[in-house]
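Residues per chain, in single letters:
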2 protein chains.
Amino acid sequence: MDTQSTLHSQHNFSSENNTLSSSTTSHAIGVFDSGVGGLTAVRKLVNMLPNERVIYLGDTARVPYGNKTAATVSAYSQECVHFLIQKSVKLVIIACNTASALALEDVQRISPVPVVGVIEPAAEAALSATHSGRIGIIGTRATVQSGAYQSAIKRICAQKGIERETTVFAEACPLFVPFAEEGWHYHPATRLVAEEYLAPLKKAQIDTLILGCTHYPMLTDVIQDVLPNVVLINSGEEAVSVADAILHEQTIHAAQRGINRIVDCYVTDKSTAFMSVAERFLGFPLGMAEEVRFGK
Amino acid sequence: MDTQSTLHSQHNFSSENNTLSSSTTSHAIGVFDSGVGGLTAVRKLVNMLPNERVIYLGDTARVPYGNKTAATVSAYSQECVHFLIQKSVKLVIIACNTASALALEDVQRISPVPVVGVIEPAAEAALSATHSGRIGIIGTRATVQSGAYQSAIKRICAQKGIERETTVFAEACPLFVPFAEEGWHYHPATRLVAEEYLAPLKKAQIDTLILGCTHYPMLTDVIQDVLPNVVLINSGEEAVSVADAILHEQTIHAAQRGINRIVDCYVTDKSTAFMSVAERFLGFPLGMAEEVRFGK
């Protein structure tokens with residue numbers, strides 16, 4: 001994974017705004033999402049970087065971000081990341097695709113620690129994985145319409161001088177989010193919906209597909225069954241890989257072993273259904289989630 | 001339809017807070033919903049009361065209400081109804097089930113005009129329609145868990161001295177909302193989802209089913225196919241019937257003919273997808289929707 005472009009925008013961290021001390025290695029990684037979906041990224045994080053502590057913030061009072069203006073999404077994202085910074089995190093992962101697309105640069109500007117979004121890492125991973133140059137993207141309607149992944153792929157091709165022809169096919173899959181939240185990961189209805197949504201991508205003979213929404217990893221099995229020979233790129237997992245590279249680059253990765261699966265979870269509105277959905281997305285018991293209120 | 005209980009709580013209208021003049025008949029009916037769903041009630045309204053003008057407000061910036069606390073839902077609802085009152089509406093219909101369950105009394109307290117919710121009218125209609133006394137309710141998880149319909153049915157039975165045994169069976173159908181918004185009204189996947197959700201109600205041999213969510217009338221065909229001999233109660237339609245009775249009781253119903261299908265639509269956040277979903281729910285072209293901002 002080439003982290004050049006991501007690291008490049010983290011200059012604040014190692015210069016004027018660096019407020020981290022030498023004890024930083026023991027600080028947590030902050031993960032922010034508009035709702036519960038980012039816990040699929042946390043699931044990857046605790047598996048890939050088991051020594052790291054995690055502080056998660058889901059802005060469940062204002063979810064979804066996808067139908068809001070860029071200015072609103074930026075303001076909400078800055079508020080959420082500010083909360084994580086006050087918790088002394090050493091790095092922030094924006095797991096939310098909409099916030100990554102619309103607010104990453106604004107958040108990086110105000111953050112004294114590195115901030116990693118999901119779009120650039122997933123786009124890079126897709127370009128590394130594809131042989132045919134035919135890449136699919138699925139996401140919410142807002143993510144697909146934003147063109148953020150399409151732009152990122154184009155930008156990376158230009159930056160790296162990739163001359164092979166790359167064609168991008170994007171499809172919105174709005175019903176995947178409620179199916180994932182409902183826990184119908186492999187229901188016959190889910191399969192029917194997946195077949196319909198993914199038919200244009202199958203026809204386009206993509207060989208790589210970016211799961212451009214934090215909820216979609218919950219539907220990996222059904223997506224893979226409909227597109228059996230396609231490499232699936234989990235955007236949250238790719239963001240964790242980039243975060244790992246930054247932590248090592250800055251030598252602020254956790255040194256000690258044995259403190260894995262420590263996830264402090266905060267939400268801005270705690271619905272009765274939150275815990276059960278959260279633990280299904282996370283893959284292990286969460287213990288508790290604390291409600292915090294701001295921006296009301 | 002017995003409107004006694006609804007009219008009873010409207011005492012403000014004809015006493016100390018009555019700010020309406022004699023020209024009130026030409027004023028619009030205000031319809032408020034947390035989002036786009038209430039337009040199914042407006043569809044019924046323009047068909048049943050074609051002479052009435054309608055002002056619709058969808059709080060799309062803060063939808064859904066179902067996962068928010070009662071205090072928050074009440075505050076949002078009061079703010080929305082205040083907006084409608086400033087537009088000089090002569091009556092307000094709260095089409096949103098959550099707001100009807102959690103905020104009706106608070107809104108009635110601040111309103112100088114009658115306010116009608118959807119729960120009491122639908123519960124009354126179900127009790128009138130049932131022969132077996134076996135009534136089903138479907139709604140969002142929040143509506144079902146709130147027990148609002150169950151309580152209303154119990155209260156009405158006690159008020160009216162209904163001695164026949166009444167049994168209520170409630171099922172949450174969370175995927176119906178996204179299917180309705182996606183426009184998959186009769187997709188094979190929708191049918192599979194409906195069969196699964198409605199199986200316990202079929203088994204319970206209900207003879208009447210309350211569609212306790214403004215989105216569900218869009219799925220009437222598939223629901224009726226799964227439950228062929230069951231009377232479906234459209235909560236929005238029942239609220240319009242009660243509103244009609246109040247307008248006549250107060251002699252403020254529209255006198256003139258020929259101004260039908262005038263719907264002024266306001267939303268608190270106008271997404272790109274709003275208009276197409278709105279017009280599908282409404283059943284005719286909307287013309288325009290104006291974005292208003294408050295409570296941010």
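Check the entry above for the structure.
Report follows, based on the coordinates. Just so you know, the residues in each chain are numbered from 1, in the order the chain's sequence is written. Here every chain gets a letter starting at A, and every ligand a number starting at 1, in the order they are written. It should be noted that, the model being predicted, local features are given only for residues of pLDDT at least 70 and side-chain atom pairs only at 80 or more, the latter also being counted only at that level, while totals for whole chains, interfaces and linings use all residues. In computing side-chain properties, one takes all heavy atoms of the structure into account and sets aside hydrogens as well as water.

## Topic: the relation of the copies chain B and chain A
Of the transformation placing chain B onto chain A, the axial shift is 0.0 Å and the rotation is 180°, giving an RMSD of 0.0 Å. Such a combination of turn and shift is consistent with a two-fold rotation axis. Across chain B, the smallest distance between a C-alpha and the rotation axis is recorded for A189(B), namely 2.3 Å. In what follows, a contact means two residues having at least one pair of non-hydrogen atoms within 4.5 Å. When the interface residues of chain B are mapped onto chain A, 100% of them are again interface residues, pointing to one common binding face. To superpose the copies, least squares is applied to the C-alpha atoms of every residue with a pLDDT of at least 70 in both.

## Considering the sheet that holds strand β3 (residues 91-94) of chain A
Residues and elements named next belong to chain A. Two strands make a pair as long as DSSP finds a minimum of two bridges between them. Secondary structure elements are taken from DSSP: a helix is a run of H or I of four residues or more, a strand is a run of E of two residues or more, and numbering for both begins at the N terminus. Read from one edge to the other, the open sheet built from six strands follows the order β4-β3-β1-β2-β9-β10, with strand pairing classed as parallel. The open sheet terminates on both sides in strands that have one partner only, identified here as β4 (115-116) and β10 (289-291). Examined bridge by bridge, strand β1 (residues 29-33) and β3 share four bridges and lie parallel to one another. Counterpart to F32 in the pairing with β3 is I94. Lines fitted to C-alpha atoms define the axes here, with helix axes fitted over just the stretch in contact, and angles between the N-to-C directions of these axes take values from 0 to 180 degrees. Its contacts with the sheet put helix α11 (residues 235-249) on β1, β3 and β4, and the angle it makes with β3 is roughly 165°.

## Some remarks on the interface of chain B and chain A
Opposite the 29 residues of chain B that make contact, chain A presents 29 residues. Note on chain B versus chain A: buried area summed over both sides is about 2200 Å², and carbon and sulfur give 57% of it. Every case where a carboxyl oxygen of Asp or Glu lies within 4 Å of a side-chain nitrogen of Lys or Arg is listed as a salt bridge. Remark: the boundary between chain B and chain A carries two salt bridges. A salt bridge links R141(A) to E182(B), with the nearest nitrogen and oxygen atoms 3.2 Å apart. Under the rule applied, a polar contact is a pair of N or O atoms within 3.5 Å (in protein, one hydrogen donor and one hydrogen acceptor; residues adjacent in sequence only if both atoms are side-chain atoms). At the boundary of chain B with chain A, the tally comes to six residue pairs in polar contact (both at pLDDT 80 or more). At the level of secondary structure, the elements contributing two or more residues to the side of chain B that touches chain A comprise α3 (70-86), α6 (141-146), α8 (176-182) and α9 (188-203) of chain B. Element by element, the count of residues in the side of chain B that touches chain A is highest for α9(B), at six residues. Three classes are used: nonpolar for Ala, Val, Leu, Ile, Met, Phe, Trp, Tyr, Cys and Pro, charged for Asp, Glu, Lys and Arg, and polar for all others, with Gly counted as polar. In terms of residue class, the side of chain B that touches chain A is made up of 14 nonpolar, eight polar and seven charged. Accessible surface is computed with a 1.4 Å probe, and the buried area is the amount of it that two parts give up when combined, taken over both parts together.

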